[in-house]
Amino acid sequence: MSISEAVSSNVTFQNNVEERLQIQRLVEATRIVASSAGSDVVKGLTQTPKSLPPAYFYDDRGSELFEQICELPEYYLTRTETAILQQYAGEIAKITGVCELVELGSGSSTKTRILLDAYQKLGYPLRYLPIDVSAGILESSARQLLVDYPSLQVHALAGTYELALAQLLPTQLPSRMICFIGSTLGNLKPRECDVFFSQVTDALQVNEYFLLGVDLHKPKDILEPAYNDRQGVTAAFNLNMLDHLNRRFEGNFDTTQFEHKAFYNETEHQIEMHLRSLRSQIVQLKALNLTVNFALGETILTEISRKFDLNTIQQQLTARNLVPIQTWTDSNQWFGLLLCQLRV
């Protein structure tokens, strides 16, 4: 092939990628969310005990750090769920038939490739709608997928789950499956879970699917190291939230004066992540007209990660008409993957 032919071929390929990619930035809606989220920051930092919305983990840097967390030896969640998907993705594809894949919190879409491979192996058309608040990682991962899957169509949505689910258009394929894997459900409090399940059912038609991954109850000595890794990546991820707030709201958090703290609350069956103040200090967020006083040792709750009982979560889903039709776990019963179908 001559140089001119190679250049022409590359241009044609790039044009093909652009034709198969649509990125929808929920701009106006995101501005509204930014305003309300700022109110959440004010509310969280002026209450006792203090807390912050976990959505602030996921600027582009936070998303990169979370991808690193998923590769850590202590972080059993990703490799356990990945192994379940590798074993049963073909079965999932056969049950659902041809369907559009919608993924909430898609990140780098690493595990999604296992599903795409299964649908591709059956000769099904591939259409993927990744949803993430980080537009940077959303676009980069989508473009790489389009290179690796020449027949794939991608419609990426940059925004929150709530906004994106509310704006989903009717699927172009016979069915749809919303995927919420990685046990991100554990970050929601029980009442928030109920609201979220309602949003999922509103985004589905009868007989369409919901694929849910949940982390199950297990001993404390397995859980706590997963959130206190020896390399300090989880600590950096937690502290990055303060850097994100500084940039977004003209803040002056000094991250060297806070430390990462994570432990398992056995009563609530949840991991709690905190940022602990290492001295008495005053922090300002000028864009929010907010001044916050911290005492020595005072903490900010940044995330919970609830652990589930499989039978209980199945009952909760069924009560929302998201009927589990197949459930898979690993040999240790550490993680559960549930394929649900919307019934009336």
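Here's what I pulled together on the structure shown here. (Residues numbered from 1 in each chain as written. Predicted model: local features only at pLDDT ≥ 70, side-chain atom pairs only at ≥ 80, totals over all residues. Heavy atoms only, no water.)

Description of helix α11 (residues 310-319)
Those residues of α11 lying buried are L310, I313 and L317. Around the axis of α11, the buried residues are gathered within 70 degrees of arc, so they sit on the same side. Away from the buried face of α11 by more than 90 degrees, exposed residues N311, Q315 and A319 are located. Looking at the buried positions of α11, the neighbouring elements they touch are α8 (190-203), β7 (209-215), β13 (322-329) and β14 (335-342). The backbone nitrogen of N311 lies 3.3 Å from a side-chain oxygen of the residue at the head of α11, namely D309. Phi for N321, located one or two positions after α11, is positive at around 70 degrees. (Buried < 20%, exposed > 50% of the residue type's maximum accessible area, 1.4 Å probe, protein only. Helix = DSSP H or I, 4+ residues; strand = E, 2+ residues; numbered from the N terminus. Arc of directions from axis to C-beta. Contact = heavy atoms within 4.5 Å. Polar contact = N/O pair within 3.5 Å; in protein donor to acceptor, adjacent residues only side chain to side chain.)

Some remarks on the sheet that holds β14
Spatially, 8 strands are ordered β1-β5-β4-β3-β6-β7-β14-β13 in an open sheet, and the strand pairing comes out mixed. Only two strands of the sheet have a single neighbouring strand rather than two, namely β1 (21-25) and β13. Recorded for the sheet is a direction-independent mean angle of 20 degrees between the axes of neighbouring strands. Relative to β7, strand β6 (residues 176-180) runs parallel, the two sharing 4 bridges. By the bridge assignment, I178 is partnered in β7 with F210. (Pairing = 2+ DSSP bridges. Axes fitted to C-alpha atoms, helices over the stretch in contact; angles between N-to-C directions.)

Quick notes on the packing of aromatic side chains
This structure, assessed with the given rule, holds 19 aromatic pairs. When the centroid spacing of 6.0 Å and the interplanar angle of 50 degrees are considered together, the rings of Y119 and Y124 count as tilted. When its relative accessible area of 1% is taken as the criterion, Y119 is described as buried. With a centroid separation of 5.4 Å and an interplanar angle of 85 degrees, the aromatic rings of Y161 and F180 are classed as edge-to-face. Taken together, the positions of Y161 in helix α7 (residues 161-166) and F180 in strand β6 put the pair 19 residues apart, joining distant regions of the chain. Owing to a relative accessible area of 26%, Y161 belongs among the partly exposed residues under this scheme. An aromatic cluster is built from F57, Y58, F66, Y75, Y227 and F237, whose rings are joined through pairwise contacts. Note that K50 overlies the ring of F294, its terminal NZ or CZ placed 5.2 Å from the centroid. (Phe/Tyr/Trp six-rings, centres within 6.5 Å; stacked < 30°, edge-to-face > 60°. Lys NZ or Arg CZ within 6 Å of the ring centre and 35° of its normal.)

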